[in-house]
Each structure stands twice: as C-alpha cells, then as structure tokens.
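Here is how the chains run, residue by residue.
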Amino acid sequence: MQQIINFVIRNKTFLLFLLLFVISLTFTIQSHSYHKSKFITSSNFLTGGIYESASNVSDYFDLIEQNNILLEENNRLRSEILNVSDSIPITEATIDTAIYNGRYKIRSAKVINNNYSSSKNYLTINKGTKEDLKEDLAVITSKGVVGIIDNTSGRFARVLSILNTKSRINAQLKASNHIGSLIWDGRSSSEVQLIDISKFAPIREGDTIVTGGQSSIFPQGIPIGTINSFRLDVSGDTYTVDLKLFNDMSNLSHVYVIENLDAEEIELLENPIDE
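Residues numbered from 1 in each chain as written. Predicted model: local features only at pLDDT ≥ 70, side-chain atom pairs only at ≥ 80, totals over all residues. Heavy atoms only, no water.

### Digging into unusual backbone geometry
Apart from glycine, the bulk of residues carry a negative phi angle, and the bulk of peptide bonds sit in the trans form. Residue Asp132 is not a glycine yet carries a positive backbone phi of 65°. Within the secondary structure, Asp132 sits in the loop between strand 3 (120-125) and strand 4 (138-140). Asp132 gets classed as exposed once you look at its relative accessible area, which sits at 52%. Of note, Asp196 is a non-glycine position whose phi angle comes to about 65°, a positive value. Tracing the backbone through its elements, the reader meets Asp196 in strand 9 (residues 191-198). Taking relative accessible area as the criterion, Asp196 reaches 45% and is therefore assigned partly exposed. (Helix = DSSP H or I, 4+ residues; strand = E, 2+ residues; numbered from the N terminus. Buried < 20%, exposed > 50% of the residue type's maximum accessible area, 1.4 Å probe, protein only.)

### Considerations on the packing of aromatic side chains
Considering all chains together, one arrives at 1 aromatic pair under this definition. Plain terms: the ring middles of Phe230 and Tyr239 are 5.5 Å apart, the flat faces sit at 90° to each other, and that makes the pair edge-to-face. Above the plane of the ring of Tyr122 lies Arg158, whose end atom (NZ or CZ) is 4.0 Å from the centre. (Phe/Tyr/Trp six-rings, centres within 6.5 Å; stacked < 30°, edge-to-face > 60°. Lys NZ or Arg CZ within 6 Å of the ring centre and 35° of its normal.)

### A look at the sheet that holds strand 12 (residues 238-245)
Spatially, 7-8-9-12-11-10 is the arrangement adopted by the 6 strands of the closed barrel, whose pairing is antiparallel. With direction set aside, neighbouring strand axes in the sheet form an average angle of 40°. When strand 8 (residues 179-183) meets strand 9, the two strands line up antiparallel, connected through 3 bridges. Bridging from a neighbouring strand, Ile183 pairs with Gln193 of strand 9. (Pairing = 2+ DSSP bridges. Axes fitted to C-alpha atoms, helices over the stretch in contact; angles between N-to-C directions.)

### Re the pattern of salt bridges
A complete count under the given rule lists 9 salt bridges for this structure. Glu264 serves as the salt-bridge partner of Lys134, at 3.6 Å between the closest nitrogen and oxygen. Taken together, the residues Lys134 in the loop between strand 3 and strand 4 and Glu264 in helix 5 (residues 263-270) connect sequence positions 130 residues apart. The partner of Arg158 in a salt bridge is Asp150, with the nearest N and O atoms 2.7 Å apart. Exposure remark for Asp150: the relative accessible area of 23% places this residue in the partly exposed category. Bridged by salt links that share partners, the residues Arg107, Lys134, Glu259 and Glu264 form one connected network. (Salt bridge = Lys/Arg side-chain N within 4 Å of Asp/Glu carboxyl O.)

What follows is the structure, given as structure tokens:
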C-alpha cells in the first residue's frame, strides 16, 4: 500500500494531466456530433477486432454444434430453392451475394459479439463498409428477424438487436393483413411485443407473426415468432400481443444481411427534398 502511495506522490503531475486530458476528451466527444460519430466509428473498428479474435477462439470449441446448425440451415435453403416459384429466376449465385426477386441483395456474415441481457442490446458482425454494408439494412437468420444495422466501420457493423427497447419493426399477422409495431419491453430475451393491432383482428394463440409490407428495410413475410398471449389495451381499441421468438437470441452465429435495392427511391418518394 505504501508503494502505491509513493508512486502516486512521485507521479502526481503526470496523473493529474492524464485525468484532465480524459475529462476534456470526454466533454469534446459528448458535445460535438462530428467528434462523437468519429469516436463511435473508431471504437466499432477496435472492439470489432477484439470481438473477432475472441469469437474465433470460442468457435474452435464449438465446431460440432455450429456445423450441425449450418447443415440444418443449408438443407432448409436448398428446400426453399427447389420449391421456389417459377416466376423467380434461379441463378448460380450463392446466398452469400444473392439477388432475390431483383429487389433484395443478400450477404452472409458472422456474429462476433452478441448482447442480450441488458435493456439496449447490440450485435457486432464481421462485415462492414468494405462489403458495401451501411445503416438501415435488415439482419436475419434462417429462423427469423435479428435486427437492423445502425453503425458501420470498414470491416465490421453494429446491429440494433430486436431485443433493444429502441427497436421498432413493422410486423403483421401472417393469417391476415393486420399491421402493428414490434417492440421489446426489456423483460424476456425470448419474447417481444406487437402493439397497435386492431381489436377487429382475428387473433389466436399460436398464430405466426411475420414482417409487414410497410417498411423498405425488411421484405414482407420474414418469420418473427408465434403468439403466446394477447390482451386489449386500456382504450379497448387495440391489442398488445406477446410472442415467442423463433430465434434463440442468446445463440446466434451466422446471419444474413438484406439490402432493399429500391430503398433510396422509396425514401426519396416518401420524403421529397423541399425545393
């Protein structure tokens, strides 16, 4: 203990300078949006490298389980390709860079960090702007929705998880056209909520919820989960629905990033620039 005190006394000038430097740097980043953006991007790059290294070690001890998951996923994808509508041309392009129905470009990526136990959860994937990834791209697995990219660096991207209290995703009842907003109440990592569903909607426990057609981010019909329970809101006009996710959000390895090639045109049409 005495050695620590002596060290502090001998280096008090340098330690004071270091403390003031950190405080001033923090204030600069917090008070200027440009500096904050650059800091987040740099942090994403640095932490991405750390997460990737840790993920590689973890994957080495988890090869059998992950191979089984990939085999199941590949079998499902082959089945979908064989049963796809004749109106959709099948090319030799792989799922890694596939163009689906001329509207969506699909890229595969690997999850190298995954948070699911806090109120604002994010994932990090091992692809970024070098692979033309950008903000507001959908992220899914073969089982269902994962989240939306909200930040990128050269080699990595951060994904706003469906298990994030800031998440808002357009969704609908698969059996009808009744649309609502998918949110998370921050409680269970296996359950999310669908709100603003009309009281006239035909709802039953066990019904499937999928992505709706009111968003330029997700294609319509991507699976999300099944209804556990539902209740009328205080107003009596809408339902709040609790649904169990198809994805096990605590066990994600490989994902697909979906880009709507028409998104910019849709955005420009819906939000024209004032002349």
